[in-house]
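Each chain, written out:
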Amino acid sequence: MFLLENKIQRSQWVQFIALLFGSFICIEAMVFQAPAIPSISQHFELPTYLAGLIVISFYIISASFYPIMGRLADQHGRKKIMLIGMVVFTFSEILAAVAPNFSTFLLARAFQGFSVACILPVALAYVGIIFPPEKRGLATGIFTATQGIGAMTGGIIAGYLIKLYGWPIIYWVSAGLSILGFIVIKLIIVESKGEKKHSTDFLGGLLLLITSACLLSMSTLVKSFGVASPYTLGTLALGVVAAITLWIVENRINNPIVELSLFKKRLFALAMIMNLITVAGFQAFIYTMNFFISSSPGKDVAYVGIFYTIINGAGVIGALIIGKLADKYNNKKILNFIYVLPIFLMLIFSFVDINTPFMYISIISFMLGLVQGAITPILIKYALSTIPSEQLGAGSGIFTTFRDFGTPLGSVTGIIVFSTFTEKFINSNLLDIAKLEGISSNLMGTLEKARVSGGQQIDQSLTAELQTLGLSFQDLLERATASGLNDALQYTTYIIAIVFILVFIVSLLIPKQKKEQVETKQKDILEFDSNSKQDISV
């Protein structure tokens, strides 16, 4: 009995490691992209506003197809869908590497998004298949940590490879890894099916694609045309209408592409809301610090890279620790406690300024990274516990989609809020400094125009006034910028703290869960061992 149980546990972990490898390849490839964007833009001679398409083309397709491919995996075979994803992924990486023009490259990026949608939600679904509830905490912790390692190392490795061999090398490397991933999954993973085959909900798929395309493109539109642009507002309106229509349509048909019936379960709905808000909150902070650090005197992009490495590395540690604890202690109490921490850390960050030692910033960022990594395993465990076994693929697809919506939502919000505050405070501080230095109030309008031009166009009357007072415009602007960045960070962190207060309140609504029972009956063990040699049907 003991030997048989150990054998089954080994079978579980061997399959899990194979799944981790497949997931790691996807995350690594996604992170590989970031350092390559400037080189790719230069190669295809892209204007700045088109560079965002390199990223957004991937996320639109992946977010749209996560629930679709999860549902198809439940019906046609989860291993089969993952293998299809690996084949398409290999093809897309090769196509990107040899793309003769930007249109072909974008097509390759779209195929990459589709292939990742075949892999990530299905890999997450397998966690609920392979492991019983009492072991999912550690499994989801390791799953999250593996993604964190991919995010932490991908940028560094890609930057080094691009410097030596040029941007196409990252796609050749990813293609090679995906071939290896196909072999590993083919040989090790056991096939699994869930619900019976049904007709495909094409209308739901189309509405989901429109919703994803509109809402996920907001970041590019905001950067290119501004928040109040008709293009931005029109796209946002179309996305909202499509989302509402999707909700109505999917609730009225028997076999929806998006399994909205899962949201009738309180715990699943709360897990999705917390997933979305949590990801958005952390992304808002990360992008805010990206701009703050790179704009601070004596700091550059290299410091931003260190910041990313620290926060992602800490996330790996946090995921592993909490993943283990989640199998032993009350998950709600752990989550409630964890959500208090980013509130206090945001308040601590509100005291950071451009003169704060980077070591101090790194320590606080490390603590915040621990929190970020610690939250995800519990949310995944909550979601998996509410999804019927025959719908694990569809449910995992929804969870992954919410994560991908949270990323652009947070990043765009962080950029808009921080940049708006920065612009406002630099302007007001410049005027205040000018008054203190004795500059005539009649020249304040001229001073503002000079600031907008970055000091390139300074009126002669202002130049004469500055010379008389022994001042330089550049010195005034630097002083105003420094205090403006400090004020902007302070107010932005207050807003992010409010976001985490909101998600903390949501976490209090989690229903109390009965203590999970560990089932170790010999019948169940023998059944699992038998299924590990054949197809698993759940």
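Please refer to the structure higher up on the page.
Residues numbered from 1 in each chain as written. Predicted model: local features only at pLDDT ≥ 70, side-chain atom pairs only at ≥ 80, totals over all residues. Heavy atoms only, no water.

Enquirer: Which residues make up the overall build of the chain, and what are the values?
Expert: Looking only at helices and strands, the chain features 19 helices and 2 strands. In the chain, buried positions account for 53% of the 538 residues. A separation of at least 24 residues holds for 84% of the contacts in the chain among residues at least 6 apart in sequence. Total accessible area computed for the chain in this model is approximately 24000 Å², and 66% of it derives from carbon and sulfur atoms. (Helix = DSSP H or I, 4+ residues; strand = E, 2+ residues; numbered from the N terminus. Buried < 20%, exposed > 50% of the residue type's maximum accessible area, 1.4 Å probe, protein only. Contact = heavy atoms within 4.5 Å. Areas by Shrake-Rupley, 256 points an atom, 1.4 Å probe, with all protein chains shown as cover.)

Enquirer: Please give an account of the side chain of Thr232 that cites residues and values.
Expert: Mapping Thr232 onto the fold places it in helix 10 (residues 230-250). Dropping the residues within four chain positions of it, Thr232 is found in contact with Met218, Leu221, Val222, Phe225, Gly226 and Val227.

Enquirer: An account of the packing of aromatic side chains is needed here, citing residue identities and associated values.
Expert: Per the counting criterion, the structure on display carries 24 aromatic pairs. Between the aromatic rings of Trp13 and Phe16, the centroid separation amounts to 5.6 Å while the plane-to-plane angle is 75°, which identifies the pairing as edge-to-face. Separated by 3 residues within a single helix, Trp13 and Phe16 lie in helix 1 (residues 2-43), roughly one turn from each other. For Trp13, a relative accessible area of 29% gives the class partly exposed. Residues Phe105 and Tyr171 carry aromatic rings whose centres are separated by 5.8 Å and whose planes lie at 80° to one another, so their mutual orientation is edge-to-face. With a gap of 66 residues between them, Phe105 in helix 5 (residues 102-130) and Tyr171 in helix 7 (residues 168-188) connect regions that are remote in the sequence. In this structure Phe105 comes out as buried when scored by relative accessible area, which is 0%. Judged by relative accessible area, Tyr171 falls into the buried class, the value being 2%. By the ring-pair criterion, three or more aromatic residues cluster together here, those being Phe44, Phe102, Phe105, Trp167 and Tyr171. Above the face of the Phe425 ring, Lys424 is positioned so that its terminal group lies 5.7 Å from the ring centre. (Phe/Tyr/Trp six-rings, centres within 6.5 Å; stacked < 30°, edge-to-face > 60°. Lys NZ or Arg CZ within 6 Å of the ring centre and 35° of its normal.)

Enquirer: Outline the nonpolar core, supporting the account with residue identities and numerical values.
Expert: Ranked by size, the top nonpolar core spans 108 residues in total, and within it Met274, Phe285, Met289, Phe292 and Leu335 carry the most contacts. Excluding residues within four positions of it along the chain, Phe292 makes contact with Val352, Asp353, Ile354, Phe418, Leu485, Asn486 and Leu489. Judged by nonpolar contacts, the second largest core, of 19 residues, contains Ala36, Phe44, Phe105 and Ile162. (Core = buried A, V, L, I, M, F, W, Y, C linked by side-chain atoms within 4.5 Å.)

Enquirer: So what about the pattern of salt bridges? Which residues, and what values?
Expert: When charged atoms on two side chains of opposite charge get close, those side chains can pair. All told, the structure shown has 3 salt bridges when counted by the stated rule. Linking Asp74 and Arg78 is a salt bridge whose minimum nitrogen-to-oxygen distance equals 2.8 Å. You can call Arg78 buried: its relative accessible area is 0%. In this structure, Lys381 engages Asp327 in a salt bridge whose closest nitrogen and oxygen atoms are separated by 3.2 Å. Remark: Asp327 occurs in the loop between helix 12 (301-325) and helix 13 (331-349) and Lys381 occurs in helix 14 (residues 358-386); sequence separation between them is 54 residues. (Salt bridge = Lys/Arg side-chain N within 4 Å of Asp/Glu carboxyl O.)

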